[in-house]
Amino acid sequence: MLFIVFGTKTKTEDVGGGEFYCPSCQTRRKFTRKRAKNYFALYFVALFPLNEAGEFIECQHCGRSYNPEVLKQKLSKPQPDVARLLQNVKTRLENGYPVEYMVRDLTDDGLDLDVARNTIEMAIGKQRKTCPDCDLTYAPNVMGCADCDRALRSAQE
Ligand SMILES: [Zn+2]
Ligand SMILES: [Zn+2]
């Protein structure tokens, strides 16, 4: 972990500031960029993965200190679940799951209708194939309707 606890005697100077994503607060916070001033402090912080200048980032809200690398993280909360959800949606749709059923599943999971449709569009694009019998739509790579076994039509035809 990047947490660093400094003794109260450690002398530091402020060398900058801004906003960052604080891993502890799990949201966007103001930070102060500080530099450890004396040898002892440098020796001390060298035990931790600080950068060469002995600088660290302190969250103004929770007061925790981090390696300046923390600034490379995105300002918003990381959302690995979105990537996983998209991959899951894409896989299921490309395996022949009807778009309409996927919309229903996603809205059942608590997504707004618009968000559900956007999610599907992000996963497989705008193109659809349509079943001539039941009007269910599918990802463009799907060949047959899951419900009635009919060959699908491209939307452009
Ligand atoms: Zn914080
Ligand atoms: Zn059908």
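Below or above, wherever it landed, is the structure these notes cover. (Residues numbered from 1 in each chain as written. Chains lettered and ligands numbered in written order. Predicted model: local features only at pLDDT ≥ 70, side-chain atom pairs only at ≥ 80, totals over all residues.)

1. Things to note about the nonpolar core
Core analysis: the biggest nonpolar cluster contains 15 residues, and Leu-93, Val-99, Met-102, Ile-120, Tyr-138, Ala-139 and Leu-152 have the highest contact counts within it. For Leu-152, the residues in contact, after removing those within four places along its chain, are Lys-129, Thr-130, Cys-131, Tyr-138, Val-142, Met-143, Gly-144 and Cys-145. Core analysis: the second largest hydrophobic core is formed by eight residues, Phe-20, Tyr-21, Phe-31 and Ile-57 among them. (Core = buried A, V, L, I, M, F, W, Y, C linked by C-beta atoms within 7 Å. Buried ≥ 20, exposed ≤ 12 C-beta atoms within 10 Å, placed from the backbone. Contact = placed C-beta atoms within 7 Å.)

2. Overview of the sheet that holds strand S6 (residues 137-138)
Within a beta sheet, neighbouring strands are joined by backbone hydrogen bonds and run either parallel or antiparallel to one another. The strand order S6-S5-S7 describes an open sheet built from three strands, whose pairing is antiparallel. Both outer strands of the open sheet, S6 and strand S7 (153-154), are each paired with one neighbouring strand and no more. Both strand S5 (residues 129-130) and S6 contribute to a ladder of two bridges, which runs antiparallel. Its bridge partner lying in S6, Thr-130 is registered against Thr-137. (Pairing = 2+ DSSP bridges. Helix = DSSP H or I, 4+ residues; strand = E, 2+ residues; numbered from the N terminus.)

3. So, the packing of helix H3 (residues 99-108) against helix H4 (residues 113-124)
The description of two packed helices rests on the angle between their axes and on the distance between the axes. Taken N-terminus to C-terminus, the directions of H3 and H4 make an angle of 130°; their axes are 9 Å apart at the nearest point. Looking at the two axes, H3 sits oblique to H4. In this structure, the crossing between H3 and H4 has a hand that is right-handed. Contacts from Val-99, Met-102, Val-103, Leu-106 and Thr-107 in H3 reach Leu-113, Ala-116, Arg-117, Thr-119 and Ile-120 in H4. Partitioning the contact of H3 with H4 into residue classes produces seven nonpolar, two polar and one charged. (Axes fitted to C-alpha atoms, helices over the stretch in contact; angles between N-to-C directions. Parallel < 35°, antiparallel > 145°, perpendicular 65-115°, else oblique. Left-handed = near helix turned anticlockwise from the far one by under 90°. Nonpolar A, V, L, I, M, F, W, Y, C, P; charged D, E, K, R; others polar.)

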